[in-house]
Amino acid sequence: MKTPRYLVKDLYTADPSAHVFNGKIYIYPSHDVESGIPENDNGDHFDMRDYHIFSMDSIDGEVTDHGVALDVKDIPWAGRQLWAPDAAYKDGKYYLYFPLKDKNDIFRIGVAVSDKPEGPFVPESDPIKGSFTIDPAVLQDNDKDYYIYFGGLWGGQLQRYRNNKAIENPAEPADNEDALCARVAKLSDDMLQFDEEPRDVLILDENGKPLTAGDHDRRYFEGPWMHKYNGKYYFSYSTGNTHKLCYAIGDNPYGPFIYGGVILTPVVGWTTHHSIVEFQGKWYLFHHDSVPSGGKTWLRSIKVVELEYNEDGTIKTIDGGGE
Ligand code: FUB
């Protein structure tokens with residue numbers, strides 16, 4: 001499949017996290033809606049209220065919408081804005097991880113549990129203890145080790161924290177200082193809590209130096225994903241205001257990771273957010289753009305395209321079709 005394929009026509013969907021469960025692809029996206037809230041840097045216009053989960057038997061086969069899997073009105077600690085989710089499977093249960101603002105308008109990460117990959121999911125009564133910011137993505141590293149990656153700048157509130165603690169005067173570091181990092185923590189055996197203090201996901205440049213906050217073309221902004229290829233750990237992410245999907249390669253789930261290049265050039269729309277999955281011997285990039293809505297940044301549509309590697313393990317850049 002060399003031509004990208006839009007997957008859902010009757011809903012706006014974004015931030016697709018794809019996984020292979022029981023031999024099928026399951027997609028866990030955000031469900032975009034027209035909120036009527038004016039566009040701003042805080043992302044208030046992304047006022048999503050539920051999740052639908054989709055599945056398909058083959059990459060070009062029919063896409064099944066399994067209906068509402070979780071609704072904000074059923075989450076006890078909910079304030080507003082259900083953003084980009086991810087899912088994981090362990091010991092007969094499926095876990096949906098989701099960012100949501102609490103009643104104080106602070107983003108936290110919640111977990112909901114189901115017996116089936118498509119839900120419905122039952123939310124825990126509280127968010128993960130010590131969780132903050134957005135965009136959870138879970139790596140299953142072997143039969144028992146699961147790592148959760150998360151974090152997003154600006155509306156995602158990552159700049160409000162240092163060393164996992166809220167700071168008094170939230171701001172990004174100066175341009176010549178080290179960039180803020182995504183966070184990673186091992187998950188507890190029951191998959192419901194962090195098993196440790198979240199750590200920095202450090203991205204180094206070609207000279208072994210941390211990327212700087214002013215390096216907007218390469219520094220982490222939001223939308224983490226982790227996949228393994230040929231024994232290496234590929235950490236991929238959005239650069240936010242420069243609208244690229246980039247990646248960095250490491251030797252273990254914690255890193256550090258060496259910057260590797262661009263996976264996807266900008267799409268039509270402001271955000272870019274993705275997942276990477278192997279299915280039936282090929283690799284695929286799931287992502288979104290705003291072409292079907294005529295460029296409305298908050299009304300996005302998920303799509304899939306094949307992803308290819310070069311012999312040296314680098315990823316071939318895909319044209320996103322935007323500016
Ligand atoms: O969908 C809402 C937010 O937009 C996500 O959480 C970000 O990654 C960006 O795609």
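Since the structure is predicted, the reported quantities are computational estimates derived from the model, not experimental observations.

Student: Tell me what's going on with the nonpolar core, and back it up with residues and numbers.
Tutor: Residues Y97, I148, Y149, I203, F235 and Y237 are the most contacted members of the largest nonpolar core, which totals 42 residues. Those elements giving two or more residues to this core turn out to be β7 (93-101), β8 (107-114), β10 (137-140), β11 (146-150), β14 (182-186), β18 (232-238), β19 (245-250) and β20 (257-264). In terms of residues, this core owes the most to one element, β11, which gives five residues. Non-local contacts of F235, meaning those with residues more than four positions away in its chain, are made with Y149, A182, V201, I203, Y220, P224, W225, M226, C246, Y247, A248 and F257. With 19 residues, the next largest nonpolar core counts Y26, Y28, I75 and Y94 among its residues.

Student: Account for the site of the ligand, with residues named and values stated.
Tutor: Within the structure, the ligand sits among D15, S30, M48, W83, A84, I134, D135, E222, T271, H273, H288 and R300. Taking D15, its side chain carries an N or O atom lying 2.5 Å from an oxygen atom of the ligand. Taking D135, its side chain carries an N or O atom lying 2.5 Å from an oxygen atom of the ligand. Burial of the ligand by the surrounding chains reaches 98%, relative to a free accessible area of 270 Å². Of the residues that constitute the shell around the ligand, the class distribution is four nonpolar, four polar and four charged.

Student: Before we move on, could you go through the sheet that holds strand β2 (residues 12-21) and cite the residues and values that matter?
Tutor: Strand order in this open sheet of four strands is β2-β3-β4-β5, and the pairing throughout is antiparallel. In this open sheet, the two edge strands, each paired with only one partner strand, are β2 and β5 (64-71). Strand-to-strand twist in this sheet, taken as the mean axis angle between neighbours without regard to direction, amounts to 25°.

Student: Account for the side chain of S188, with residues named and values stated.
Tutor: Looking at the element boundaries, S188 is found in the loop between β14 and β15 (199-201). A relative accessible area of 11% means that S188 is categorised as buried. At 2.6 Å, the side chain of S188 forms a polar contact with the side chain of D190. Within polar-contact distance, the side chain of S188 engages the backbone nitrogen of L192 at 3.5 Å. Other than its neighbours up to four places away in sequence, S188 contacts Q193, F194 and D195.

What counts as what
Residues numbered from 1 in each chain as written. Predicted model: local features only at pLDDT ≥ 70, side-chain atom pairs only at ≥ 80, totals over all residues. Heavy atoms only, no water. Core = buried A, V, L, I, M, F, W, Y, C linked by side-chain atoms within 4.5 Å. Buried < 20%, exposed > 50% of the residue type's maximum accessible area, 1.4 Å probe, protein only. Helix = DSSP H or I, 4+ residues; strand = E, 2+ residues; numbered from the N terminus. Contact = heavy atoms within 4.5 Å. Near = heavy atom within 4 Å. Polar contact = N/O pair within 3.5 Å; in protein donor to acceptor, adjacent residues only side chain to side chain. Areas by Shrake-Rupley, 256 points an atom, 1.4 Å probe, with all protein chains shown as cover. Nonpolar A, V, L, I, M, F, W, Y, C, P; charged D, E, K, R; others polar. Pairing = 2+ DSSP bridges. Axes fitted to C-alpha atoms, helices over the stretch in contact; angles between N-to-C directions.

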